Amino acid sequence: NAQIYEDGSPCEALSEKTGRTSRVEFVCDKNLRLLSIEEVSTCNYRLIVSTPIVCGHSEFQQASSVISPDSKGVEAQSWFLELSETQGQQVICTVSTDSDKPVHFERFELSLYSNSFEMMPVLHQCRSRGRVDLSFPEKHYMLQHTESNTRLTISNGANFQNKLAYVTLEASVN
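Summary of the structure given here.

What counts and how
Residues numbered from 1 in each chain as written. Predicted model: local features only at pLDDT ≥ 70, side-chain atom pairs only at ≥ 80, totals over all residues. Heavy atoms only, no water. Pairing = 2+ DSSP bridges. Helix = DSSP H or I, 4+ residues; strand = E, 2+ residues; numbered from the N terminus. Axes fitted to C-alpha atoms, helices over the stretch in contact; angles between N-to-C directions. Salt bridge = Lys/Arg side-chain N within 4 Å of Asp/Glu carboxyl O. Buried < 20%, exposed > 50% of the residue type's maximum accessible area, 1.4 Å probe, protein only.

1. Topic: the sheet that holds strand 11 (residues 151–156)
Stage number 1. Spatial strand order, 7-11-10: three strands in an open sheet with antiparallel pairing. Bordering the open sheet on either side are strand 7 (109–113) and strand 10 (141–145), each of which pairs with just one other strand. On average, adjacent strands in this sheet sit at an angle of 10° to one another, irrespective of strand direction.
Stage number 2. The sheet contact formed by strand 7 and strand 11 spans five bridges and is antiparallel. Bridge pairing in strand 11 places Glu109 opposite Ser155.

Now the structure itself:
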């Protein structure tokens, strides 16, 4: 009931600079949502994602039994993850919040990765509270891609102001 991702971006906090790891656990709920994110140890993350797809399977818990009000992760119903594919062979990943509470981050990163297809950026956008666009030219955020064009990453830039409400990255797949 979990997916493990290893060899992520190098972890500067560890002396051996090994890659970050993430464990994505799925729980039953009526909506597809990112329920919580926590760093369980340095550069080792646990994400809990709710989805109706796993409901009815005995191996998956109900979202309400996993997330408690005093959880140290992201508040339930605060962040939404949307993955979609267009007819023109484009993939879109959007993370957003509908919360009115201020959300502060030291940094952020969202990547699209394919082990077999090249991707080219079509749209990238970040917003803070009040739907105010963060500026790419003013280095509030940056866009990077690997030499082989198999990974696109949108992340905080040098002038990021620690406020984030919306991030989207859209790419064409060749």
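2. Focus on the pattern of salt bridges
Stage number 1. Summed over the entire model, instances satisfying the criterion amount to six salt bridges.
Stage number 2. With its nearest N and O atoms 2.8 Å apart, the salt bridge here joins Glu25 to Arg23.
Stage number 3. For Glu25, a relative accessible area of 16% corresponds to the buried category.
Stage number 4. Arg127 is paired through a salt bridge with Asp133; the nearest N and O atoms lie 2.9 Å apart.
Stage number 5. For Asp133, a relative accessible area of 44% puts it in the partly exposed group.
Stage number 6. Linked through salt bridges whose partners overlap, the residues forming this network are Arg23, Glu25, Glu38 and Arg46.

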